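# Tertiary structure, described
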Amino acid sequence: MRPHLVQDLRLLWHALRLRAGNGMDPPQEEAELLRGVFDCVTTLATDTLGALCAELQASAPASRGHGAVVAQTAGAAASSDVAAAPQLDIFSSPVAEPLATLGVRAKMRCTPGSLMCFYPGRIFLAGERDLPRSDMLFANEYEGVSMDGAGWLPVVFRESPVLAEAPKTTMWHGNRLAVGNLCNHPPAGTLPNLVPMAFRWPTWQELGQQTPAQWARLVPHVVLDNGQIVRSASGERAEPAGGAERVWFPPWPHMGMALIAIRTIELGDELFWNYRLHPRSDSQTTAQYPPWYTPVDDAALAAAVREAA
């Protein structure tokens, strides 16, 4: 396993154990470490997606075609059934000034080990030769696929002033927490408060749903092959081979990506995760990194997380 993934897993272990009230040190065996974190994040994702299903069900009668009403309902429906889903906001972030960029901030205090959001977008399988030139292309190294979050936005924010100029090609989806593509890299002097981690998508039956309707709205992905959509939440686009009966809304076959809080996030804090950009070395006249990017001090981050634990 690549060293930076092991670093991430150790940070996540400390944060998740702090949430559980268990200060046990992370295992030395990498496979055991990965399995423990993966299973814990899958449980968190299942709880959070179940909470989001409850929100969608609560808002369904009044919200058809009205994204703003859904957003208001999500905030008002903070009952014991939906307490697992954090409240977030999209805003115009100052981190890249003078460039304009969106960001995500918390509307509530969140403790280490909280699942804050998901990474949405088009999924490209390993070996894809025509990956898009996108600044939101994210590699899920736990599965070996790529996700492009460019143009994917939650419909609950459709009426937000900061999205007034969203292009017509925007993919509006139903998962209000699938905003990981809008979370920024921390500016100089600031440590990340999130770490991305893979999880297994639960089935709609595992979420206790009678139908796949709400579950399908929460899967913020399609799968592409050679430029064509080959799978969505409803299933494969191609006709089944050999006259087999089509299976509708089967289990989602790819890992999801969640962003987990590794430090306390206060009300109003912006959400940051480490982009881990590779330095450019192809030209002596070209800057190694974009002007807005400063590499994260991994040792300082590890110390901050351990101190909190």
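Everything in this summary refers to the structure shown in the same document. Being a predicted model, the structure only gives us computed values, none of them experimental.

## Some thoughts on the pairing of strand β13 (residues 256-261)
Burial runs high along β13: six of the six residues are buried. The alternating pattern of β13 places Gly256, Ala258 and Ile260 and Met257, Leu259 and Ala261 on opposite faces, both of which are buried. Taken together, the three bridges between strand β3 (residues 115-118) and β13 define a ladder with antiparallel strand orientation. By the bridge assignment, phenylalanine 118 is partnered in β13 with alanine 258.

## Here's the deal with the pairing of strand β11 (residues 228-232)
The side chains of a regular strand alternate, first on one face of the sheet and then on the other. Judged from the three bridges that link them, strand β10 (residues 221-225) and β11 form a sheet pairing that is antiparallel. Its bridge partner lying in β11, leucine 224 is registered against isoleucine 229. As judged from the two bridges shared by β11 and strand β12 (residues 235-236), these two strands associate in the antiparallel manner. Bridging across to β12, arginine 231 finds its partner in glutamate 236. In this antiparallel pair of consecutive strands, β11 and β12, the connection spans two residues.

## Re the packing of helix α1 (residues 3-20) against helix α5 (residues 298-308)
Interaxial distance between α1 and α5 falls to 9 Å at its minimum, and their mutual angle equals 15°. Compared by their axis directions, α1 and α5 come out roughly parallel. Between α1 and α5 lies a crossing whose hand is left-handed. Taken together, the residues of α5 that come into contact with α1 (itself represented by Gln7, Leu11, His14 and Leu18) are Asp298, Leu301, Ala302, Val305, Arg306 and Ala308. A per-class count over the contact of α1 with α5 returns six nonpolar, two polar and two charged.

## Structural notes on α5
For α5, the full list of buried residues reads Leu301, Ala302 and Val305. Looking straight down α5, one finds that the buried residues subtend no more than 100° of arc, so they occupy a single side. Opposite the packed face of α5, turned more than 90 degrees from it, sit the exposed residues Ala299 and Glu307. Tucked into the core, α5 has its buried residues touching α1. Sitting at the amino-terminal end of α5 is aspartate 297, which places a side-chain oxygen 3.2 Å from the backbone nitrogen of alanine 299.

## Thoughts on the sheet that holds β10
Reading across the sheet, the six strands line up as β5-β6-β4-β10-β11-β12 and stay open at both edges, with mixed pairing between neighbours. In this open sheet, the two edge strands, each paired with only one partner strand, are β5 (137-140) and β12.

## Details of the pattern of salt bridges
The tally for this structure, following the rule as stated, stands at nine salt bridges. Between arginine 176 and glutamate 55 there is a salt bridge, with the nearest N and O atoms lying 2.7 Å from each other. You can see arginine 176 sitting in the loop between β8 (171-173) and β9 (194-199) and its partner glutamate 55 sitting in helix α2 (residues 30-63), a full 121 residues away along the chain. Neither arginine 176 nor glutamate 55 differs from the other in exposure class; each is buried. One network of salt bridges, with partners in common, ties together Asp8, Arg276 and Asp298.

Conventions used here
- Residues numbered from 1 in each chain as written.
- Predicted model: local features only at pLDDT ≥ 70, side-chain atom pairs only at ≥ 80, totals over all residues.
- Heavy atoms only, no water.
- Buried < 20%, exposed > 50% of the residue type's maximum accessible area, 1.4 Å probe, protein only.
- Helix = DSSP H or I, 4+ residues; strand = E, 2+ residues; numbered from the N terminus.
- Pairing = 2+ DSSP bridges.
- Axes fitted to C-alpha atoms, helices over the stretch in contact; angles between N-to-C directions.
- Parallel < 35°, antiparallel > 145°, perpendicular 65-115°, else oblique.
- Left-handed = near helix turned anticlockwise from the far one by under 90°.
- Contact = heavy atoms within 4.5 Å.
- Nonpolar A, V, L, I, M, F, W, Y, C, P; charged D, E, K, R; others polar.
- Arc of directions from axis to C-beta.
- Polar contact = N/O pair within 3.5 Å; in protein donor to acceptor, adjacent residues only side chain to side chain.
- Salt bridge = Lys/Arg side-chain N within 4 Å of Asp/Glu carboxyl O.

In short, the description is geometric, and any link to function would need to be established separately.
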